[in-house]
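# A closer look at the structure
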Amino acid sequence: MSPRGAALSDLPRIFGQLRSSRGLIENRPIEEVRMPKLLVMDHTGHSEEAFDPNDILSLQEAERRFAELTTKGFTAAKIASDGKNPIIRQFDPTAEEILMIPRLRGG
Amino acid sequence: VSDHLILLGLCVSILGSCSVFVLTARLRVHGSHWDALAGARDAANERAIALLKTCLTPEQREDYEKHQFFDVIGSDTGRLYRIKYGTQSNIIELDKRRRRRICGWCFLPEGGLAAGDVMLAQKIALENNELETLAIANRL
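Reading guide: rules and limits
- Residues numbered from 1 in each chain as written.
- Chains lettered and ligands numbered in written order.
- Predicted model: local features only at pLDDT ≥ 70, side-chain atom pairs only at ≥ 80, totals over all residues.
- Heavy atoms only, no water.
- Core = buried A, V, L, I, M, F, W, Y, C linked by side-chain atoms within 4.5 Å.
- Buried < 20%, exposed > 50% of the residue type's maximum accessible area, 1.4 Å probe, protein only.
- Helix = DSSP H or I, 4+ residues; strand = E, 2+ residues; numbered from the N terminus.
- Phe/Tyr/Trp six-rings, centres within 6.5 Å; stacked < 30°, edge-to-face > 60°.
- 1 Å grid on protein atoms, 1.4 Å probe; cavity = no way out; pocket = protein on both sides within 12 Å on 5 of 7 lines; lining within 4 Å.
- Points joined across faces, edges and corners; volume = space filled by probe spheres on them.
- Nonpolar A, V, L, I, M, F, W, Y, C, P; charged D, E, K, R; others polar.

Let's shift gears to the nonpolar core. Core analysis: the biggest nonpolar cluster contains 33 residues, and Leu99 of chain A together with Leu52, Phe70, Leu120 and Leu126 of chain B have the highest contact counts within it. For this core, the secondary-structure elements that each account for two or more residues are strand 1 (37–42) and strand 5 (97–101) of chain A together with helix 1 (2–54), strand 1 (69–73), strand 2 (80–84), strand 4 (101–109) and helix 3 (115–128) of chain B. Here the element with the most residues in this core is helix 3 of chain B; it accounts for seven residues. In terms of nonpolar packing, the next biggest core, distinct from the first, is built from 14 residues, Leu38, Phe51, Ala62 and Phe66 of chain A among them.

Turning our eyes to something else, we now look at the packing of aromatic side chains. Residue and element names in this part refer to chain A. Tallied over the full model, the rule gives two aromatic pairs over all chains. Summarising the aromatic geometry, the rings of phenylalanine 66 and phenylalanine 91 are spaced 5.7 Å apart at their centres and angled 65° between planes, so their arrangement reads as edge-to-face. Taken together, the positions of phenylalanine 66 in helix 2 (residues 56–71) and phenylalanine 91 in the loop between strand 4 (87–88) and strand 5 put the pair 25 residues apart, joining distant regions of the chain. No difference in accessibility class separates phenylalanine 66 from phenylalanine 91, as the two residues are buried. Members of the aromatic cluster, joined through ring pairs, are Phe51, Phe66 and Phe91.

Okay, unusual backbone geometry next. For residues besides glycine, phi is generally negative; the peptide bonds are generally trans as well. Residue and element names in this part refer to chain B. Its identity is not glycine, yet serine 89 carries a phi of approximately 50°, on the positive side. Counting through the fold element by element, serine 89 comes out in the loop between strand 2 and strand 3 (91–94). You will see that arginine 98, though not glycine, has its phi angle at about 60°, which is positive. Its location among the elements puts arginine 98 in the loop between strand 3 and strand 4. On the accessibility criterion, arginine 98 (41% relative accessible area) is partly exposed.

Turning to the layout of surface pockets, a few remarks are in order. When its volume is computed, the largest pocket comes out at roughly 380 Å³. If you go around the largest pocket, you meet 19 residues; those closest to its centre are Gly73, Thr75 and Arg89 of chain A together with Asn129 and Glu132 of chain B. Broken down by secondary-structure element, the contributors of at least two residues to the lining of the largest pocket are strand 3 (75–78) and strand 4 of chain A together with helix 3 and helix 4 (130–136) of chain B. In terms of residue class, the lining of the largest pocket is made up of eleven nonpolar, five polar and three charged. The wall of the second largest pocket is formed by Lys84 of chain A together with Thr57, Glu59, Gln60, Asp63, Asp71, Val72, Ile73, Leu80, Arg98 and Glu127 of chain B. Listed by contribution, the elements that provide at least two residues to the lining of the second largest pocket are helix 2 (58–67) and strand 1 of chain B. Counted by class, the lining of the second largest pocket contains three nonpolar, two polar and six charged residues.

Laid out in structure tokens, this is it:
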């Protein structure tokens, strides 16, 4: 069989594969993509600054913001669902949410 | 003379009406401004409380839902503190049996934050950096 003949005979199989892969994409359940973020406490409750851990520029920007706030006296703490919120001194790109708390003062 | 007096009276009454109108309009603008501020403050409070609840342990959340306070254990001394709803003078130190008040403490984050945010900052500070925090706090 010529190469062209082989290609033509393969067409139904190729289209079949395409159809089935399209079906897979269409039927795939929609997953909620949660971006990690810095939560900066302010007068609105807090502001959310999301970052993409897979994007080096986004990570660098989040790290720069973290450093900017900690230099201003903010304390950073990781938010965990178990209610333990450890304070962190270095930016943690694996944390889901990092809470930034303004400097404390006596009341 | 009487015509002039009548004219003068008319002018005065027109001016008076105008100033009352302007004053009322201004008060209305100020009123809506204050309403907007109050709305923003309420929204901030709700966001802050929602965030606080996600950061509490199950026991602390239960206490907060029932009594509007929760207890934390100091990271350095193991002493017990009760954080009540509020932004100032809202922490009391209790004895181990949670019955007797030992003293009160007051510290808060800068920036005029909502109560939920203040309480969360106080919890994290006492659970991680107790002595450093108490060094800047006021004892009551």
